[in-house]
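# Remarks on the overall topology
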Amino acid sequence: MPCVGDWLNNPLSIVRGLFAQNVPNSDWEKKVTEYFKEKLKENNATNWVPSLNDVPVHYLKPNSLVKFRCMVQDMFDPEFYMGVYETVDSNTNARVLHFGKYRDVAECGPQQEIDLNSSQTVTLERQTFYCVPVPGESAWVKEISFFASQARVSPSTSYTPSRHKRSYEEDEDMDQHPSKQKEQHMGNNSGSDIHGCVEPKRLETEAPAGHNLISPNCSPPLDLNFPLPGEKGPACLVKVYESWESFKVNDVLEVYGILSVDPVLSIVNNEERDSSTLDPMECMDTAEEQRVHSPPASLVPRIHVILAQKLQHINPLLPACLKEEESKTCEFVSNFMSELSPVRAELLGFLTHALLGDSLAAEYLILHLISTVYARRDVLPLGKFTVNLSGCPRNSIFTEHIYRIIQQLVPASHLLQMTVESMNRSRFIPHKDYAANRLVSGVLQLASNTSLVVDETQLEQGQLDTTGVHNVTALGNLITWQKVDYDFNYHRMEFPCNINVLITSEGRSLLPSDCQVHLQPQIIPPNMEEYMSSLLTAVLPSVLNKFRIYLSLLRLLDYSISDEVTKAVEEDFVEMRKNDPESITADDLHKTLLVARFLSLSAGQTTLSRERWLRAKQLEALRKARLQQQCVNGNEL
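Described below are features of the structure shown in this document. Worth saying up front: this structure is predicted, and the values here are computed from it rather than measured.

Time to look at the packing of aromatic side chains. In the structure shown here, the tally under the stated rule is 13 aromatic pairs. With 5.9 Å between their ring centres and 55° between their planes, Trp28 and Phe99 make a pair best called tilted. Of this pair, Trp28 sits in helix α3 (residues 28-41) while Phe99 is found in strand β3 (residues 95-99), placing the two residues 71 residues apart along the sequence. Phe99 carries the same exposure label as Trp28, and that label is buried. One aromatic cluster is present, formed by Phe19, Trp28 and Phe99 through successive ring pairs. Directly above the ring of Phe99 sits Arg103, whose terminal nitrogen or CZ lies 4.5 Å from the centroid. Taking NZ or CZ as reference, Arg597 lies 3.6 Å from the ring centre of Tyr374, over its face.

On to the packing of helix α10 (residues 340-354) against helix α12 (residues 398-407). For the pair α10 and α12, interaxial distance at closest approach is 11 Å and the crossing angle is 160°. The angle between α10 and α12 places the two elements in the roughly antiparallel class. As α10 runs across α12, the sense of the crossing is right-handed. Contacts from Phe350, Leu351 and Ala354 in α10 reach Phe398, Ile402 and Ile405 in α12. In terms of residue class, the contact of α10 with α12 is made up of six nonpolar, no polar and no charged.

Before going further, it helps to spend a moment on the side chain of Gln516. Counting through the fold element by element, Gln516 comes out in strand β19 (residues 515-518). What makes Gln516 buried here is its relative accessible area of 4%.

This part is about the packing of helix α17 (residues 563-579) against helix α18 (residues 586-602). Helix packing for two helices is described by the angle between their axes and how far apart those axes are. Look at α17 against α18: their axes get within 11 Å of each other, and the N-to-C directions meet at 135°. The angle between α17 and α18 falls in the class oblique. With respect to the hand of their crossing, α17 and α18 are arranged in right-handed fashion. Contacts from Val569, Phe573 and Arg577 of α17 reach α18 at Ala586, Leu589 and Leu593. For the contact of α17 with α18, the class distribution of residues is five nonpolar, no polar and one charged.

You will see that Asn63, though not glycine, has its phi angle at about 65°, which is positive. Looking at the element boundaries, Asn63 is found in the loop between α3 and β1 (65-75). Taking the relative accessible area as the measure of exposure, Asn63 reaches 34% and is therefore partly exposed. With a phi angle near 55°, Ser243 is a residue other than glycine that sits in the positive phi range.

The next thing to look at is the sheet that holds strand β15 (residues 451-455). Spatial strand order, β12-β15-β18-β11-β19: five strands in an open sheet with parallel pairing. Strands with a single pairing partner mark the edges of an open sheet, and in this sheet they are β12 (413-417) and β19. The average angle at which neighbouring strand axes cross in this sheet is 20°, direction not considered. In terms of strand pairing, strand β11 (residues 387-390) meets β19 through four bridges, oriented parallel.

The full count for this structure, using the stated rule, is 33 salt bridges. Ionic pairing is found between Arg291 and Glu288, a salt bridge with its closest N-O pair at 3.0 Å. Taken together, the residues span about one helical turn, with Arg291 and Glu288 both in helix α8 (residues 287-293) at a distance of three residues. Overall, Arg291 belongs to the partly exposed group, its relative accessible area being 29%. A residue is classified by how much of its surface remains accessible, and Glu288, at 26% relative accessible area, is partly exposed. A salt bridge links Arg394 to Glu506; the shortest N-O distance between them is 3.9 Å.

The next point concerns a nonpolar patch on the surface. A contiguous nonpolar patch, built from Val379, Leu380 and Trp481 and spanning about 270 Å² of accessible area, is present on the exposed surface. Inspection of the secondary structure puts Trp481 in helix α14 (residues 466-481). A residue is classified by how much of its surface remains accessible, and Trp481, at 32% relative accessible area, is partly exposed.

Both strand β16 (residues 483-487) and strand β17 (residues 492-496) contribute to a ladder of five bridges, which runs antiparallel. Opposite Lys483, over in β17, you have Pro496 as the bridge partner. Where β16 folds back onto β17 in an antiparallel hairpin, the turn is made up of four residues, including Asn489, whose phi is positive at roughly 65°.

A few words on helix α2 (residues 11-21). Quick reminder: α-helices carry 3.6 residues per turn. Residues three or four places apart thus point the same way. Within α2, the full set of buried residues consists of Pro11, Leu12, Ile14, Val15, Leu18 and Phe19. Looking down the long axis of α2, one finds its buried residues gathered within 155° of arc, a one-sided arrangement. Turned more than 90 degrees off the buried face of α2, the exposed positions are Ala20 and Gln21. Those residues of α2 hidden inside the fold are in contact with α1 (6-9), α3, β1, β2 (79-89), β3 and β7 (252-260).

Reading the values: the criteria
Note on numbering: residues in each chain are counted from 1, in written sequence order. In view of the model being predicted, local features appear only for residues whose pLDDT reaches at least 70, and side-chain atom pairs are presented and counted only at 80 or more, with totals across whole chains, interfaces and linings using the full set of residues. Each side-chain value is worked out from all heavy atoms of the structure, with water and hydrogens disregarded. A pair of aromatic rings is counted whenever rings of Phe, Tyr or Trp (Trp by its six-membered ring) have centres within 6.5 Å, and the orientation is called stacked for planes under 30 degrees apart, edge-to-face for over 60 and tilted otherwise. To qualify as a helix, a DSSP run of H or I must reach at least 4 residues; to qualify as a strand, a run of E must reach at least 2; elements of each kind are numbered from the N terminus. Remark: exposure states derive from per-residue accessible area (1.4 Å probe, protein chains only) relative to the maximum for the residue type, with buried under 20%, exposed over 50%, and partly exposed in between. We call a charge positioned above a ring when the Lys NZ or Arg CZ atom is no farther than 6 Å from the ring centre and deviates by at most 35 degrees from the ring normal. Note on method: axes are straight lines fitted to C-alpha atoms, helices fitted across the in-contact stretch only, with angles between N-to-C directions ranging 0 to 180 degrees. Here is the rule for angles: anything less than 35 degrees is roughly parallel, anything more than 145 is roughly antiparallel, 65 through 115 is roughly perpendicular, and the remaining ranges are oblique. By the definition used in this description, the sense in which the near helix is turned from the far one sets the handedness, with an anticlockwise turn below a right angle giving left-handed and a clockwise turn giving right-handed. Whether two residues are in contact is decided by their heavy atoms, any of which lying within 4.5 Å being enough. Any residue outside Ala, Val, Leu, Ile, Met, Phe, Trp, Tyr, Cys, Pro, Asp, Glu, Lys and Arg is labelled polar, Gly included; the first ten of those are nonpolar and the last four are charged. Here the rule is simple: two strands pair whenever DSSP picks up at least two bridges between them. Should a side-chain nitrogen of Lys or Arg be within 4 Å of a carboxyl oxygen of Asp or Glu, the pair is scored as a salt bridge. Without a salt bridge and with relative accessible area above 30%, a residue can belong to a patch; like charges are then joined within 9 Å and nonpolar side chains (Val, Leu, Ile, Met, Phe, Trp, Tyr) within 5 Å. Using a 1.4 Å probe, the Shrake-Rupley method yields the accessible areas, and only the shown protein chains count as cover for residues. Note: the arc covers the axis-to-C-beta directions of the helix.

Structure, rendered in structure tokens:
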């Protein structure tokens, strides 16, 4: 039996052993999957697997087992590979069978040649996904995941398991402060050459700051195609062997697989390459397509997937799959639900302070943050709850501070500054580049449950060009229909999404919304920066973690309305129409039911009660009264 470390450090040796034992039988592939699945079920075993999210590629051992939390940005055409092939020794004529699965390069001894005409050769198919780190993933998600990991890594050129890993942030810090790097090198002379070799690779792990801005005719060199600017971490070519039909563009996955960074993979990027080394079929591809589909492995490593799963969420404080009826998961949920009430009260108080003492706006912000599209009826997304927070200070840093607070609460978010310049210059909609045969990302290519904060307070008079009009239209469609129409030149293709959009504006937003809440500050801090910073520093990390669990967990709960309550709501609505036939519409009923849904879930109740229905009506009455008051005062809404 292999030693414990083998399955982590040298998983191909495990695969080789299972292949040798079961070679006449096609079940060897299933046994490989089962072996690693059982290994990862062992106590905290997943924490021992190094993550590409935490550790730079050059600190990971080639052909070791790694994991990667990512979003599918694009999917390439399926590729064929030799699942089983036979080699012949040129001296002894001895024949040996090899497996090609989980490899990019065929395994061949010094005196061995592959017999391409062997009857034992089995050609199989695999799917390649181009995956990037989850766009807008919050720093606290990365930090908690990093510290939960128990993997030990070091530069791959000198693999010694006793060394500690370094995160991308630490690597970035070394790039920005070369003096620190020099000090470390001088303090460790024996490893100075190794670190010196590693340095250039570090510079390739960040997206260009302006990559989402439109540039004439060409994309930047080594463009990692991240949807958002300034993203860190690697892009990966993830090669999936089983059930790839269940994965699609924009899915968030956690994959466990074998890291492949063979320099041979970069051959098509070498301008001096020998054309005889290329397969004749590959030569039919354009140079641009070869560059995109076969980038340097040091920049875009390959992962050969052994196990992969879609993630319901990316909050590291929650169990990975809450739908499973495991005792630990059920215990976690029940324990947290028992203390839900004080957590909600604390969160409400925290957000009330953040919104300058406005408790009504804080209530609606909680409902917004736990909202999610739970179903689609024809084209209508049910459960979306876009809030327009009007009455925000114009040209102030208020929205940025609100965003900073939301960033501390949700696993993924993005702040979109809505100015005429950004609307005209930014690339919102992903589009197909047929020359490179890839999907070029856009700002609106986001993972499910991402919080998008749109700041309209910076918007001034100006002229939108064609790009600007398309971007504003795309943003409106995202809010209304929860879909983005990707541009495939000759046609557009709908990609459904589930994005929480919060719009801050001075008057009524130019964009559509489900609910407008006019901000009524009760306090005007003399120093906004100091006030907001003190809010975050005053919250204990343990309390902040409870807020994070609260918001993520409640989005995943099921909800229903009993027949009895449904009948009572209908009767109540009829009475409301009788009393005020002019202003009460079917839209009001839908909106109040939506508020009641999230109000119930925010209290940990998965069914609607009479009490919550009345509270929802009360909140809506207060919100509408506030808007009417603004109209009376002559303010624009």
